[in-house]
Amino acid sequence: MSNAASGARQLTFSVLRALFRAVPLPASLRDRLRNKGLDSIGSWSPAPPRGRTGAPTDGARALQRADERAIGYVPAQDAPLPATLPATLVAFYLPQFHPFTENDTWWGKGFTEWRNVCRALPQFEGHVQPRLPGDLGFYDLRVPDVMRSQARLAADHGIGAFCFYFYWFSGRTLMEQPLRQWLADSTISLPFCLCWANENWTRRWDGRNQDVLIGQQHSEEDDLAFIAHVADYLRDARALKVDGRPVLLLYRPQLLPDPKATATRWRRWCRDNGIGEIHLAYVQSFERPDPRDIGFDAAVEFPPNIAAPRQLNTTQFLLNPGYEGDVRDWRELAAQMRRAPLPAYPLYPGVNPGWDNEARRPGRGRVLLHASPRGYGDWLRDTVHERLRETPLAQRLVFVNAWNEWAESAVLEPDARLGHAWLHATRRALQPPVAPPARPCIVIHAWYVETLQELLQAVLDSRLQARVVITTSHERNQEVQAIALANGVEAEVWCHDNQGRDILPFLHAADRLLQENESLVLKLHTKRSTHRDNGDQWRRDMVEALLGPSRAAANLAHLQGHPDIGLLAPAGHLLPVADYLGGNSARMERLWAQLGLDSLKADAQFASGSMFWARLEALRPLLDAHLLPSAFEPEAGQIDGTLAHAIERATGSVVIAAGYRIGDTSQVAGAAVVPAPTEYPFARRR
């Protein structure tokens with residue numbers, strides 16, 4: 001097709017889309033017309049806007065391993081669940097992780113979903129691909145112990161049931177072997193239900209009508225053949241039930257000639273064949289009718305298909321200049337849905353731990369950036385404890401998309417990058433909230449151990465009742481422990497590689513402390529700044545302002561009394577970022593994109609010297625980015641231009657982006673008024 005013809009089609013599509021959006025229509029009719037239009041002229045849609053090309057790239061990018069553990073990695077850990085779960089969590093489950101005859105024919109012998117997963121490549125900086133499995137490995141669902149392990153892992157973290165995708169095509173099933181093994185295995189106690197994925201099976205993996213490999217032939221006879229085939233699942237004692245009725249889901253009811261007639265046939269067959277009444281629900285992936293209008297009992301939310309968060313393409317730094325994917329903000333999706341009012345009809349809410357189908361559509365996938373286990377946990381907690389507050393406990397079903405959609409990065413299973421973080425967030429969201437401790441936590445990074453005693457003495461002199469954590473390198477561990485013991489300070493010593501200055505160890509510690517429900521932290525480090533002749537004075541000025549005997553309690557009380565303050569810098573050390581960018585401009589611009597922050601504000605400030613009081617919740621945009629340790633440059637005496645320096649200057653903006661404000665200790669009651677120097681004595685404006 002010529003460029004002119006292609007441009008004309010794209011223009012026509014854009015005009016029709018604008019007109020369609022402007023016309024007021026009922027939601028169910030709008031969905032139906034949209035789907036018909038996309039099936040007909042979806043290929044005419046213009047490509048998403050392009051990201052930034054020609055930008056400086058990280059020379060180490062090619063050396064980063066896809067299985068590297070990121071900041072925030074969570075190992076397997078035992079923890080109790082509530083005696084009574086506040087809702088039943090049902091996780092969608094894809095059974096395509098084993099070879100079968102049809103995939104051998106269509107994609108090559110031995111194909112499974114893992115081949116898609118492993119071929120994915122990062123398309124822009126910060127793009128987490130490929131997404132690789134953790135503890136369960138590249139499993140084969142023909143091995144019975146795999147599903148036993150999955151069921152135990154799910155139940156241990158509060159998942160109440162799996163919803164298996166079921167693939168039926170006019171009497172022919174795909175990928176049913178693992179489900180039949182589950183039925184036959186009495187050692188598996190986890191409940192389950194089926195979701196008939198009644199789309200065409202296509203080469204594009206999107207259910208549309210292009211490149212059909214095996215199609216659906218819906219009919220009255222097929223309806224009856226289907227319900228007879230799945231009867232064994234509905235009769236099983238482990239079948240998920242609502243009000244005593246086994247649950248059956250349909251993915252796309254509007255693809256049926258008459259969904260209401262189909263529902264009637266299924267119900268009659270089940271009553272006539274000893275199953276009794278069934279509970280029918282459909283998935284709101286492409287359409288949203290009132291389920292009662294089509295003879296169904298309930299609908300199931302299916303994010304992210306039912307939302308369109310803002311696009312982020314133009315802010316990304318491309319690794320592939322030809323990238324044509326669609327990049328959107330997962331955080332906006334979660335914000336839109338976590339407090340959305342429930343409709344008048346029965347609806348089971350859905351939550352989503354992330355989405356990126358790059359593995360299935362190389363270079364053209366749909367990516368939702370900035371998903372995080374904590375953000376997912378917030379969404380799940382609000383759904384369970386707020387959205388469903390008025391719903392009877394027996395009817396509180398929440399569907400999670402998904403347990404193991406690895407090629408769409410919608411996964412709860414342990415992964416190589418974050419371990420059990422998603423499962424940990426699931427279990428934690430089911431617990432009632434617990435208030436953080438009133439006492440603070442003091443985090444000291446000890447590299448120059450000769451100044452550690454000075455900081456520990458300041459801790460003692462402050463008389464604060466605080467938890468003390470010292471981060472240091474492995475080779476300094478014993479020396480640091482001895483110094484703490486000799487000074488009578490009860491401290492936890494956490495070891496990390498000597499990389500990322502004091503910043504990377506603090507991010508590791510802050511993430512862990514936030515997971516442990518800590519709130520207020522004081523960040524200190526054994527700063528020497530040996531490239532300056534006043535480095536010791538710099539450190540002492542900051543420590544005195546933050547932890548001095550006459551200031552520590554007042555600073556803590558100020559933070560406790562002003563919950564909107566996210567960061568409190570030492571007086572005289574809160575500086576404008578624009579005046580001290582130095583060699584960090586390029587690094588900061590790329591960091592801004594990776595954190596999903598808006599462009600640098602003209603009045604942005606940072607705590608020079610990187611010592612401050614902080615509220616851990618205010619640091620979440622930085623912690624929830626789960627940066628890779630390998631992104632921090634090896635130590636080579638740098639005084640500027642590293643990722644650690646960029647993060648130091650970004651911290652104030654991170655706090656503002658989290659919805660908090662920043663200040664300094666001069667604003668605390670009783671602080672001495674110190675005239676601001678005409679020139680900051682510890683760094684040059686650049």
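Note: the structure precedes this text.
Residues numbered from 1 in each chain as written. Predicted model: local features only at pLDDT ≥ 70, side-chain atom pairs only at ≥ 80, totals over all residues. Heavy atoms only, no water.

Draft legend 1. Fine view of the sheet that holds strand 14 (residues 355–356). The mixed open sheet is built from three strands, whose spatial order is 11-15-14. Lying at the two open borders of the sheet, with one neighbouring strand each, are strand 11 (326–329) and strand 14. The sheet contacts of helix 10 (residues 330–338) involve strand 11 and strand 15 (366–369), and relative to strand 11 the element is tilted by about 50°. (Pairing = 2+ DSSP bridges. Helix = DSSP H or I, 4+ residues; strand = E, 2+ residues; numbered from the N terminus. Contact = heavy atoms within 4.5 Å. Axes fitted to C-alpha atoms, helices over the stretch in contact; angles between N-to-C directions.)

Draft legend 2. Geometry of the pairing of strand 1 (residues 88–93). The buried fraction of strand 1 amounts to five of the six residues, a majority that puts the element mostly inside the structure. Pairing between strand 1 and strand 16 (residues 397–400): four bridges, direction parallel. The residue of strand 16 that forms the bridge with L89 is V398. Pairing between strand 1 and strand 2 (residues 159–169): five bridges, direction parallel. Looking at the pairing, L89 lines up with I159 of strand 2. (Buried < 20%, exposed > 50% of the residue type's maximum accessible area, 1.4 Å probe, protein only.)

Draft legend 3. Summary view of the environment of L368. Relative to the assigned elements, L368 resides in strand 15. For L368, a relative accessible area of 5% gives the class buried. For the pair formed by L368 and L575, sequence separation is 207 residues and the distance between their alpha carbons is 34 Å. Look past the residues within four positions of L368 in its chain and what remains in contact with it is P304, P309, R328, W330, L333 and W355.

Draft legend 4. Local environment of helix 10. Taken together, the buried positions of helix 10 are W330, L333, A334, M337 and R338. Here the buried residues of helix 10 occupy an arc of 110° about the axis, which is enough to place them on one side. Tucked into the core, helix 10 has its buried residues touching strand 10 (298–301), strand 11, strand 15 and helix 11 (373–387). Capping of helix 10 at its N-terminal end is provided by D329; its side-chain oxygen lies 2.9 Å from the backbone amide nitrogen of R331. (Arc of directions from axis to C-beta. Polar contact = N/O pair within 3.5 Å; in protein donor to acceptor, adjacent residues only side chain to side chain.)

Draft legend 5. Local environment of unusual backbone geometry. Between Q129 and the following residue, P130, the backbone shows a cis peptide bond with an omega angle of -5°. Note that the residue after N401, namely A402, is joined by a cis bond; omega there is 15°. Checked against the element boundaries, A402 lands in the loop between strand 16 and strand 17 (404–405). One non-glycine residue, D243, lies in positive phi territory at about 55°. By secondary structure assignment, the location of D243 is in the loop between strand 7 (241–242) and strand 8 (245–250). The phi dihedral of N517 is positive, around 75°, even though this residue is not glycine. Along the chain, N517 turns up in the loop between helix 15 (503–515) and strand 22 (520–525).

Draft legend 6. The arrangement of the packing of helix 13 (residues 452–462) against helix 14 (residues 477–486) in detail. Viewed as axis vectors pointing N to C, helix 13 and helix 14 meet at an angle of 40°, and their least axial separation amounts to 10 Å. Relative to helix 14, helix 13 is oriented so that their crossing is right-handed. Residue-level contacts link L452, Q453 and L456 of helix 13 to V480, I483 and A484 of helix 14. Within the contact of helix 13 with helix 14, the residues separate by chemical class into five nonpolar, one polar and no charged. (Left-handed = near helix turned anticlockwise from the far one by under 90°. Nonpolar A, V, L, I, M, F, W, Y, C, P; charged D, E, K, R; others polar.)

The values are spatial; any link to function lies outside them.
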